[in-house]
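A look at the structure
Each chain, letter by letter, is given below.
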Amino acid sequence: MPGRLAWSFQDSGQVMVDYRFKVDKEAIGMSKQPMRIQSVEGNVVRTVVARLLPGTDVLPGIEECCRKHGIKQGVVSCSVGAFKQATFVIPVPKEDAKIGIIYGEPVVLPGPIEFLGGQGIICQSEEGKYLIHFHGSASDKDLRVWGGHFTNGNIILATLDLVIQEIGGVNMMRRFDE
């Protein structure tokens, strides 16, 4: 019988991940850190369905779509398509960095690339500049799957279909936590 994926915190000091594996909370530092969250309620104001066309760079294309529809903050809840190439970064350890990691050098995958899906946060800086935090996964011509934090340089080959939801009632902003 296949296992089911489940996360449950138990008093035993263990985290149960799928019934076949146990992870020691102390070994990964979970038991010594307080739960840290920030949250606020907002609402979905409207939904924009868009298609970005061949030759468009994904992040500037999302930004232009938001500008066209007057969206200053929201989420990309769904996106799929095909790229001429994929460009993304992944975190790498760096002890002296503020949070212990930095993004490494960009990974550039030559196409054709099947973009399997992505999602992200859309917000603006205090100066009104768009800040799009976008993650996704893609497969290359050899059927290998890659993923990470997508940057500029993801040129659309066929199309990119996406759903953007404008969020109201909150002021979304990305910055380092203290």
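Refer to the structure presented above.
Keep in mind that this is a model prediction, so the values were computed, not measured.

All right, on to the overall build of the protein chain then. Helix and strand content of the protein chain: one helix and 11 strands. Along its sequence from the N terminus, the protein chain presents helices and strands in the succession β-β-β-β-α-β-β-β-β-β-β-β. Here the protein chain holds 178 residues, and 34% of them are scored as buried. When the accessible area of the protein chain is evaluated, it comes to approximately 11,900 Å², of which 56% is carbon and sulfur surface.

In total, this model carries eight salt bridges according to the counting rule given. Across the pair Asp142 and Arg144 runs a salt bridge whose closest N-O atoms are separated by 3.3 Å. The exposure class assigned to Asp142 is partly exposed, which follows from its relative accessible area of 46%. Note on Arg144: relative accessible area 44%, which makes it partly exposed. Taken together, the shared-partner salt bridges in this structure form one network comprising Asp140, Lys141, Asp142 and Arg144.

Glancing now at the nonpolar core. The biggest cluster of nonpolar side chains holds 26 residues, and the ones touching the most others in it are Ile62, Phe83, Phe134 and Ile164. Of all the secondary-structure elements, those providing two or more residues to this core are strand 4 (43-52), helix 1 (58-69), strand 5 (74-89), strand 8 (107-124), strand 9 (130-139) and strand 11 (156-168). For this core, the element with the highest residue contribution is helix 1, accounting for five residues.

Summarising the sheet, strand 5 and strand 8 pair through 10 bridges and their orientation is antiparallel. Each bridged residue has a counterpart across the sheet, and for Gly74 the counterpart in strand 8 is Ile122. Note: strand 8 against strand 9, 10 bridges, orientation antiparallel. Bridging across to strand 9, Phe115 finds its partner in Ala138.

We now examine helix 1. With 12 residues, helix 1 ought to run about 16 Å at 1.5 Å a step, and its terminal C-alpha atoms sit 17 Å apart, in line with that. For helix 1, the set of buried residues is Val58, Leu59, Gly61, Ile62, Cys65 and Cys66. Down the axis of helix 1, the buried side of the element spans an arc of 160°, and every buried residue falls inside it. Residues of helix 1 that are buried sit in contact with strand 4, strand 5, strand 8, strand 9, strand 10 (145-150) and strand 11. Positioned one or two residues after helix 1, Gly70 has a phi angle of 70°, which is positive.

With that settled, consider the side chain of Ser139. Take Ser139: it is sitting in strand 9. In contact with Ser139, not counting residues within four places along its chain, are Pro112, Ile113, Glu114, Leu116, Arg144 and Val145.

A word on unusual backbone geometry. Residue Pro112 is reached from Gly111 by a cis peptide bond, and omega for that bond is 5°. You can see Pro112 is positioned in strand 8. You will see that Leu143, though not glycine, has its phi angle at about 70°, which is positive. Mapped onto the fold, Leu143 is located in the loop between strand 9 and strand 10. Residue Leu143 is classed as exposed on the basis of its relative accessible area, which comes to 72%.

Tracing the chain through its elements places His133 in strand 9. A distance of 2.9 Å separates a polar atom in the side chain of His133 from a polar atom in the side chain of His135. At 3.3 Å, the side chain of His133 and the side chain of His149 are in polar contact.

How each quantity is defined
Residues numbered from 1 in each chain as written. Predicted model: local features only at pLDDT ≥ 70, side-chain atom pairs only at ≥ 80, totals over all residues. Heavy atoms only, no water. Helix = DSSP H or I, 4+ residues; strand = E, 2+ residues; numbered from the N terminus. Buried < 20%, exposed > 50% of the residue type's maximum accessible area, 1.4 Å probe, protein only. Areas by Shrake-Rupley, 256 points an atom, 1.4 Å probe, with all protein chains shown as cover. Salt bridge = Lys/Arg side-chain N within 4 Å of Asp/Glu carboxyl O. Core = buried A, V, L, I, M, F, W, Y, C linked by side-chain atoms within 4.5 Å. Pairing = 2+ DSSP bridges. Expected span 1.5 Å × (residues − 1). Arc of directions from axis to C-beta. Contact = heavy atoms within 4.5 Å. Polar contact = N/O pair within 3.5 Å; in protein donor to acceptor, adjacent residues only side chain to side chain.

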